[in-house]
Structures are given as structure tokens and as C-alpha cells.
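Listed here are the chains, written in short residue letters.
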Amino acid sequence: MHPGQFQITHTDGQARRGELFTAHGPIQTPAFMPVGTQASVKSLSPHDLTDIGAEIILGNTYHLYLRPGHELVARLGGLHTFSSWDLPILTDSGGYQVFSLSALRKLTSEGVEFRSHIDGSKHWFTPEKVMDIQVKLGSDIMMVLDECVSYTADWNYTRDSVSLTTDWARRCLQASPPDSGSQLLFGIVQGGFFSDLRTRSAEEITPLPFSGFAVGGLSVGEPKEIMLDILAHTVPLLPGHKPRYLMGVGTPLDLVDGISHGVDMFDCVLPTRNARNGTLYTSQGKINIKRQEFRADDTALDPACSCYTCRTFSRAYLRHLYTARELLAYRLNTIHNLAYYLELMRRARQAIAAGTFADLHREIQGVFKGAQDLKEE
RNA sequence: GGAGGGGUACCCAAGUGGCCAAAGGGAGCAGACUGUAAAUCUGCCGGCGUAAGCCUUCGGAGGUUCAAAUCCUCCCCCCUCCA
């Protein structure tokens, strides 16, 4: 099995269950990839991650370039050795920072000039540079440099942005051809919130020899229905035999929705960030562990969960740790939220293999959508 | 006994005639977070009321004033120094 090979073993409707091979081993799909921007999934050790069954994590090109520097990481043996993580790593290109740090950058057709969020110094990112950085980091899956456009971008702006992203995708391929090493390179379809531009972007990106294709630019503040509409429109435009990656999404329900449309890979900061902010995902829905109601609750966080946190501690203790700002709170909460996400993916894979994915989809809709509707009424 | 400083909302603390139901913090309560500038941010936080508004609060009691947390008198309590 060579890196880049993708085998789909089962399908259930549009949902697929598969396996993607990388230089650091296989990834079972559908997969959720915890985000470890700065070569660390915040508050967790690699052991914590393997313990809950993480098979791949993310790193970020922009952040690691700035600190500690890709040259240094390369000298120290690459990202895997540097961070003692032996399993696959996907590095995002910095395309998201074009969006999230829009106040600190200038975009030209040639590339992006960032003013460092750390010290204000100027840094020039081109597709070629971003490839060079990711090659030196040694990630298993590299992402092309793209422009993640905001929800407010109009058609004309988004049209030009699609052209830019396509041009950059070609340049990334040129800088790092598919057969040049064991690192995979994924293309990214953009097109904002205009179906015709999504189509155009897919038509331009998907013929290129990438190992997989991502849908970018979603969950940037748009209403959920719009996100789902664009997703439903875009995923079928991606080649069926290659992995499909929905970038930056999402909630547990988003993941299941995505899988139902044929998405294979997801990443999102939500489970880790929310864990640090007290919002925890359980089989009974989303709970805020800070709430008064858990003050004396001696039950497990989620009785249906078998993670270390749920096996060992009570809600009352977790609330206490959070309230007292104890560092352990961040780790225990993060372990749980990621365990929940990874278990959800495991169940999705099993359900697809068993042909019962629709049941799981309905169950998750009931847990999260139901709770949301109740709250809104 | 003498000299000085101080008592403000659950806590700390600003305010020294009207713009004060009273700055800031903290605590408390609730919410947000989607390819991480995030262990961050937002809202509420005397009582009643949906609101306009009304009522009760700045140690206590009196007083001055159109108006007092703020000025005056007396009293109570706390802290520091001196004897």
C-alpha cells in the first residue's frame, strides 16, 4: 500500500467507509482529525491522543513557520520526530489564516504578505514557499495555499478568488509534483456561497493530479442551511475515488451531515476549543460544565462514554476543576470531547459497513438538532 | 489618654454637592465559539416591572440645601503611630 492509495470498502447511500494510506500509516475514514496548530493538540500528549484512538492530527504551516520555524523543525528531524507523534499529520497551508488574520495580511496574485500576529514582522507566503515549508515540516498530507473567502464576499470578488486559488493550486503542484516524495498533496475547492462558482472551482481543481480534494470556505459564519446547501452541491463534483475533506467543520451533527453527503475527512477546533471553554459533547447533547446544576452532580460526564475522563471523574469534580481554573480541567475536557468525536466516527464507519448509517444520522439529529430546537422555542 | 487614617453593593475598591443605583476589579449567574492571534470573548449582576418608571441603598442618628455617598453636629466601629 503506497502513500495516497485510497480504498473504499463500503458505501451506504452517499456515505463511504474507506482507508487512506500515508507514509505514517493508514487512516480509517470517515475520519475526524484533531487540530494541533502549533504541533500540539492543546493540553494533550501524544499518548492521550493515541489512547482515544486519534489516527491523524493537523499542524499549521503559517504558525509553525513563524514559531519555531520550519528550518528548525527540519533540522530536528521533522514534525513527527520533533513532536513525538508517529502517526499521520496533515498540515494546513495558511489559507485559513488568509481569512482569520485578514486584518494582518495583504493579498496579491503572487501570494500573501502576513504581518506576524506574534511580533508584527512581515512574511511573504507564496504557493511555492508554502510547499517548501510543508515539505520541510514533513507532513503526510500537505494542503495547497488557497484563499478562504469570507461569507460577505460578493460574486465578483469570489469569482476572482476562485481563479486565484486555481492558479495557486497549479503552482503548488508544480513546486511539489505528486511523484516527488511520499507526502500527499490535496487540492481545495473554493467558490464561496455561489453554486456556479463552486462548480467552476471544482471543474478547475479536480482534473489536477491531487491525492485528495477538500471543500474549503465553509463554516465561516453562514447559516447552517446555506452551509449544507453548498456542501450538497459541491461534494458530488469531487472525484469519487479520492478522499474528500471538508475543512474546518464542525459540530457532531455537521460531521454526520457531511458523511451523508460523501465526505471522508474532517477537522475542527470546536471539540478542543469548546473543551477549554467548558462546552462538552455527550450522548445526551451539548452541556456547559460550568453550570450551577452540576455543582453536586456525582454522575459521570457521559454515562455512555468510556473515555478516561468519563470512567474516572464526576461532573461535580469537572465543574470544580473548571471553576477553579485548574489545568487538569482543560486536559480532561479535551480528552472527552475528542473521544466523543472519534467514537462518533467509529460508529459512523461501523454503520456504513452495516448499511445502517441513516439510523445513526437520525440519532445524532435527535440529540443535537432536537436540543437546539427546544432551546429556540 | 494623644495624633493621624478609615468605614461605599456578596468581596476589594473609585467617587468628595446635581451628569450616582453609584467607575474598576473579583466572585456569582448565563451565553458564544467550526482548516486555533482563543485556558478566549460577550451579556447580566440592589428590589419590583416586559417597559417607561417607581422604591430602598454609600457605618448610625440628626441637620444644612431646590438637591447629600459627598457639607455640618453627635454617636458607634476598625487600623497605624505616640504615651
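Residues numbered from 1 in each chain as written. Chains lettered and ligands numbered in written order. Predicted model: local features only at pLDDT ≥ 70, side-chain atom pairs only at ≥ 80, totals over all residues. Heavy atoms only, no water.

Undergrad: Any chance you could explain the layout of surface pockets here in plain terms?
TA: It is the rolling of a water-molecule-sized probe over the atoms that shows where space remains empty. Counted as a void, the largest pocket has a volume near 960 Å³. Along its surface, the largest pocket is lined by 41 residues, and Y96, G248, D267, V269 and R273 are the ones closest to its centre. Elements that contribute at least two residues to the lining of the largest pocket include exactly strand 5 (57-60), helix 5 (95-100), helix 9 (224-234), strand 14 (265-268) and helix 11 (270-276). Each residue belonging to the lining of the largest pocket can be placed in one class, and the counts come to 14 nonpolar, 17 polar and 10 charged. (1 Å grid on protein atoms, 1.4 Å probe; cavity = no way out; pocket = protein on both sides within 12 Å on 5 of 7 lines; lining within 4 Å. Points joined across faces, edges and corners; volume = space filled by probe spheres on them. Helix = DSSP H or I, 4+ residues; strand = E, 2+ residues; numbered from the N terminus. Nonpolar A, V, L, I, M, F, W, Y, C, P; charged D, E, K, R; others polar.)

Undergrad: Sorry, what's going on with the sheet that holds strand 1 (residues 6-12) here?
TA: By definition, the strands of a sheet pair up through backbone hydrogen bonds, in either a parallel or an antiparallel sense. Spatial strand order, 1-2-3: three strands in an open sheet with antiparallel pairing. The sheet is open, and its two borders are formed by strand 1 and strand 3 (25-29), each paired with just one other strand. If you compare each strand with its neighbour and ignore which way they point, the axes differ by 10° on average. By the bridge criterion, five bridges tie strand 2 (residues 15-22) to strand 3 in an arrangement that is antiparallel. By the bridge assignment for strand 3, L20 is matched with I27. Contacts from helix 14 (residues 327-354) reach strand 1, strand 2 and strand 3 within the one sheet, and its direction differs from that of strand 1 by about 70°. (Pairing = 2+ DSSP bridges. Axes fitted to C-alpha atoms, helices over the stretch in contact; angles between N-to-C directions. Contact = heavy atoms within 4.5 Å.)

Undergrad: How should helix 7 (residues 155-175) be read in this particular structure?
TA: Every α-helical turn comprises 3.6 residues, leaving residues that sit three or four positions apart pointing alike. Compared with the 30 Å implied by 1.5 Å per residue over 21 residues, the 30 Å span of helix 7 between its first and last C-alpha is a close match. By the burial criterion, the buried members of helix 7 are T158, S161, V162, L164, T165, T166, W168, A169, R171, C172 and L173. Looking at the buried side of helix 7, the elements it contacts are strand 7 (105-107), strand 8 (112-115), helix 6 (127-137), strand 11 (184-189) and helix 8 (195-205). Looking at where helix 7 begins, the residue whose side-chain oxygen comes 3.4 Å from the main-chain nitrogen of N156 is D154. (Expected span 1.5 Å × (residues − 1). Buried < 20%, exposed > 50% of the residue type's maximum accessible area, 1.4 Å probe, protein only. Polar contact = N/O pair within 3.5 Å; in protein donor to acceptor, adjacent residues only side chain to side chain.)

Undergrad: Just to check I follow, could you spell out the state of the cysteines for this structure?
TA: Note on terminology: a disulfide is the covalent bond linking the sulfur atoms of two cysteines. Enumeration according to the criterion identifies zero disulfides in this entry. Distance from the sulfur of C310, which forms no disulfide, to the nearest cysteine sulfur (C305) is 3.8 Å. (Disulfide = S-S within 2.5 Å.)

Undergrad: How do you make sense of the side chain of H80 when you look at a structure like this?
TA: Here H80 is to be found in helix 4 (residues 78-83). Within the structure, H80 has its side chain in polar contact with the side chain of D140 (distance 2.7 Å).

Undergrad: Please explain the packing of aromatic side chains as it appears in this structure.
TA: Describing an aromatic ring pair means giving the distance of the ring centres and the angle of the ring planes. Overall, the coordinates contain 16 aromatic pairs when judged by the stated rule. With a centroid separation of 5.2 Å and 85° between ring planes, the pair formed by F114 and F125 is classed as edge-to-face. Highlighted residues: F114 in strand 8 and F125 in strand 9 (residues 122-125), separated in sequence by 11 residues. F114 sits in the buried class, given a relative accessible area of 0%. Here Y322 and Y330 contribute two aromatic rings whose centre-to-centre distance is 6.3 Å and whose plane-to-plane angle is 75°, an arrangement assigned as edge-to-face. Through successive ring pairs, a cluster of aromatic residues spans F32, Y281, Y340, Y341 and F368. (Phe/Tyr/Trp six-rings, centres within 6.5 Å; stacked < 30°, edge-to-face > 60°.)

Undergrad: Explain the pairing of strand 14 to me, please; I cannot follow it from the model alone.
TA: Here is the key point about a regular strand: its side chains alternate between the two faces of the sheet. The side-chain alternation of strand 14 yields two buried faces, one formed by M265 and D267 and the other by F266 and C268. As defined by bridge partners, strand 4 (residues 31-34) adjoins strand 14 across four bridges and the pair is classed as parallel. Of the residues in strand 14, the one forming a bridge with F32 is F266. One ladder, built from two bridges, connects strand 13 (residues 244-246) with strand 14; its direction is parallel. Directly across from L246, in strand 14, lies its bridge partner F266. Viewed along the sheet, the connection from strand 13 through helix 10 (residues 252-260) into strand 14 turns out right-handed. (Right-handed = clockwise from strand over helix to strand, strands pointing away.)

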